[in-house]
Amino acid sequence: MENMKGGVVLLLVEDDPDMRSLLCDELSEMGHRIVEAADADEALKYVRDHRPTLIMTDLRMPAGGMGYVSRLRKCAPDVPIILMTAFGDAKTKSEALGLGVAAYFDKPVRISELKQKVEELLGAA
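Let me sum up the structure you'll find in this document. For clarity, every value in this text was computed on a predicted model and none was experimentally measured. (Residues numbered from 1 in each chain as written. Predicted model: local features only at pLDDT ≥ 70, side-chain atom pairs only at ≥ 80, totals over all residues. Heavy atoms only, no water.)

Structural notes on the nonpolar core
- Among the nonpolar cores identified, the biggest contains 24 residues, and Leu11, Val13, Ile55, Tyr68, Leu72 and Leu83 are the most heavily contacted of them.
- The element that contributes the greatest number of residues to this core is helix H2 (residues 40–49), accounting for five residues.
- Beyond its immediate chain neighbours, meaning those up to four positions away, Leu11 contacts Val35, Ala37, Ala43, Tyr46, Val47, Pro52, Leu54, Ile55 and Met56.
- Grouped together as the second largest cluster of nonpolar side chains are 19 residues, Leu12, Cys24, Ile34 and Leu121 included. (Core = buried A, V, L, I, M, F, W, Y, C linked by side-chain atoms within 4.5 Å. Buried < 20%, exposed > 50% of the residue type's maximum accessible area, 1.4 Å probe, protein only. Helix = DSSP H or I, 4+ residues; strand = E, 2+ residues; numbered from the N terminus. Contact = heavy atoms within 4.5 Å.)

As structure tokens, then:
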């Protein structure tokens, strides 16, 4: 991919292939390298072997859930996490933020808001 900004790597974790493809297309326009993972196990393996700059993940997927978010936080304590879910509520959001998630989005996600949050978090990184 051309026009990559520095060594920024976004880990995108989404079990729905269509949603993952859409998000990859949109986020790649920002000029960052995108690494895809189809489930929580794949994401955790990547995070243990590499150090992404930012993690963007679905909550409800194979091996997902709050326990997965907690494990991500332990594996990569300094990496911002953006959490997305179609099954959230105030309690879910509160729990996620309590685990140290940097941003929380209910699906359907507004792509413009997501991109803005990515740039904001990368600027702080």
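Once you've had a look at it, read on.
Concerning the pattern of salt bridges
- One pass over the full model with this rule turns up eight salt bridges.
- One salt bridge connects Lys107 with Glu14, and the closest N-O pair in it is separated by 2.7 Å. With Lys107 in the loop between strand S5 (103–106) and helix H5 (111–124) and Glu14 in the loop between strand S1 (9–13) and helix H1 (17–28), this pair connects stretches of sequence that are 93 residues apart. Here Lys107 matches Glu14 in class, with each residue buried. (Salt bridge = Lys/Arg side-chain N within 4 Å of Asp/Glu carboxyl O.)

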